[in-house]
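The lines below spell out each chain.
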Amino acid sequence: MTNLINREIDTENMPDKKGYFGEYGGSFVPEALQRVMDEVAAAYEEISQDPSFLAELRELNETYTGRPSPVYHAKRLTAAVGGADIYLKREDLNHTGAHKINHALGEVLLAKRMGKKKVIAETGAGQHGVALATAAALLGLDCDIYMGAVDVRKEAPNVSRMKILGARVIPVTSGTATLKDAVDAAFKAYLNDPVTQIYCIGSVVGPHPFPEMVRDFQSVIGIEAREQMLSMSGRLPDAVIACVGGGSNAMGIFSAFLDDKDVAIYGVEPAGKGLDTNMNAVRMVRGKKGVLHGFKCYFIQDEKGEALPVYSIASGLDYPGIGPQHCYLHDIKRVRYESATDREAVEAFYALSRMEGIIPALESSHAVAYAVKLAKEIGKGKNILVNLSGRGDKDIDFVMESYPISEYEPEDVVKDGYDEFLSHIQSKGN
Ligand SMILES: *Cc1c(COP(=O)(O)O)cnc(C)c1O
């Protein structure tokens, strides 16, 4: 039997008591909020050791989310690429279609055990909001989602989903009326009433204990995948790959392999319109150390230390900062941070759809794109495990409009293999 939550992830047992991963992480919040964070940290410390909490979470994971998610050997993609074998950890098959439900269930269950009546959060494109609204509906808590007014207009289907699930969607009109303003509004609301409600952060970011807690709830991905790879291929994978927005799906799968020094680990950042432009979110390339949203990390900033706008075709990857454990793993060189452009992600999106019948989220497509590159590089006989963090249903309208399907003939994929498919797409320009 595997542990549901892996609390002994790193040989160095990260984070420390104050929430530091090396010099990153910690908690940089006003005093009133610090008291609240201390309360959450203490509650999590206690509850995460409680067998009845772990049993309840395990049962929900199995009977509600549909865990364990399978690992799938992508044979047609592997053959088309002509290199290492590519395996996919199918988080896209979870209820609600992505990994976010893993931490949403954990957070809302924690809230319930703490006696809270309401969970609150910010959301950008609405994915975190929908996952939290789902968990709140399931467990009978109220749910307030703060969302920039601009995003409310752009993301109508997710706004409807949240409302149908019984959440209150609160449009935020201050500032640029986008994610950053939604974060500010949600924190303000939290400070107004930290007793009956609790803030649920949507990735391995924010003040302690969130990077630790969200990682632990996501670690089920890696624990399962490690066993699945051992039973399917008889050994550990040679490489593990995940896309990195805040970094939760990546920490979830990476955590089980950190001590396996022969397993190379790669985080894939969004290179957007290219590394030579400002239209990307490559924090490990362009980021400098500083404090953002209550924790220390690398983030993309101006000379005054203010976060700069960042960009990715995948809204889930478009964040100026990155989780503190990623910063630490980068510095000690345990994880290599690579990147994939918008175009490479769309190519991978089509390739996986055509060759495997799996439409991946544009976020996950970044990991697939890098896997294809690495598979060629390391060659036949090696195994690559990719975390397929979510399904692409949410992205299909956008992709069809911006990268028209008429320009991507399925025959090019099947007949000529991946190289020709890529050069075919590239020759269309876009
Ligand atoms: C939100 C999201 C991401 C990015 O978030 P992480 O915290 O970096 O995992 C990646 N993939 C999907 C499908 C998402 O919804």
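Residues numbered from 1 in each chain as written. Predicted model: local features only at pLDDT ≥ 70, side-chain atom pairs only at ≥ 80, totals over all residues. Heavy atoms only, no water.

Caption draft 1: Broad picture of the packing of helix H5 (residues 127–139) against helix H7 (residues 156–164). In contact at an axis separation of 9 Å, H5 and H7 are set at 15° when each is read in the N-to-C sense. With respect to H7, the element H5 is oriented roughly parallel. Between H5 and H7 lies a crossing of left-handed hand. Every residue of H7 that contacts H5 at Gln127, Gly129, Val130 and Ala133 is listed here: Asn158, Arg161 and Met162. Of the residues in the contact of H5 with H7, the class split is three nonpolar, three polar and one charged. (Axes fitted to C-alpha atoms, helices over the stretch in contact; angles between N-to-C directions. Helix = DSSP H or I, 4+ residues; strand = E, 2+ residues; numbered from the N terminus. Parallel < 35°, antiparallel > 145°, perpendicular 65-115°, else oblique. Left-handed = near helix turned anticlockwise from the far one by under 90°. Contact = heavy atoms within 4.5 Å. Nonpolar A, V, L, I, M, F, W, Y, C, P; charged D, E, K, R; others polar.)

Caption draft 2: Just the side chain of Asp216, in detail. Relative to the elements of secondary structure, Asp216 occurs in helix H9 (residues 210–218). Of note is the side chain of Asp216, whose polar atom sits 3.0 Å from the side chain of Arg215. (Polar contact = N/O pair within 3.5 Å; in protein donor to acceptor, adjacent residues only side chain to side chain.)

Caption draft 3: Expanded view of the site of the ligand. As a structural note, the neighbourhood of the ligand is formed by 15 residues, with Lys100, Ser203, Gly245, Ser248 and Ser389 the closest of them. One of the side-chain nitrogen or oxygen atoms of Ser248 is found 2.7 Å away from an oxygen atom of the ligand. Interatomic distance of 2.8 Å between a side-chain N/O atom of Asn249 and an oxygen atom of the ligand. Surface burial for the ligand is 96%, taken as the share of its 380 Å² of free accessible area covered by protein chains. A class-by-class count of the residues in the shell around the ligand yields three nonpolar, ten polar and two charged. (Near = heavy atom within 4 Å. Areas by Shrake-Rupley, 256 points an atom, 1.4 Å probe, with all protein chains shown as cover.)

Caption draft 4: Expanded view of the pairing of strand E4 (residues 85–90). Burial analysis of E4 places five of its six residues in the buried class, which makes it a mostly covered element. Of the strand pairs in this sheet, strand E3 (residues 71–73) and E4 are connected by three bridges, and their pairing is antiparallel. In the strand pairing of E4, His73 is matched with Tyr87. Where E4 lies against strand E14 (residues 383–388), six bridges are found, and the strand directions are parallel. Residue pairing across strands places Tyr87 opposite Leu385, the latter belonging to E14. (Buried < 20%, exposed > 50% of the residue type's maximum accessible area, 1.4 Å probe, protein only. Pairing = 2+ DSSP bridges.)

Caption draft 5: Representation of helix H10 (residues 220–233). The end-to-end C-alpha distance of H10 is 20 Å, a good match for the 20 Å that 14 residues give at a rise of 1.5 Å each. For H10, the full list of buried residues reads Val220, Ile221, Gly222, Ile223, Glu224, Ala225, Gln228 and Met229. Residues of H10 that are buried make contact with E3, E4, helix H4 (100–113), H9, helix H11 (248–254) and E14. Two residues or fewer after H10 comes Gly234, characterised by a positive phi angle close to 80°. (Expected span 1.5 Å × (residues − 1).)

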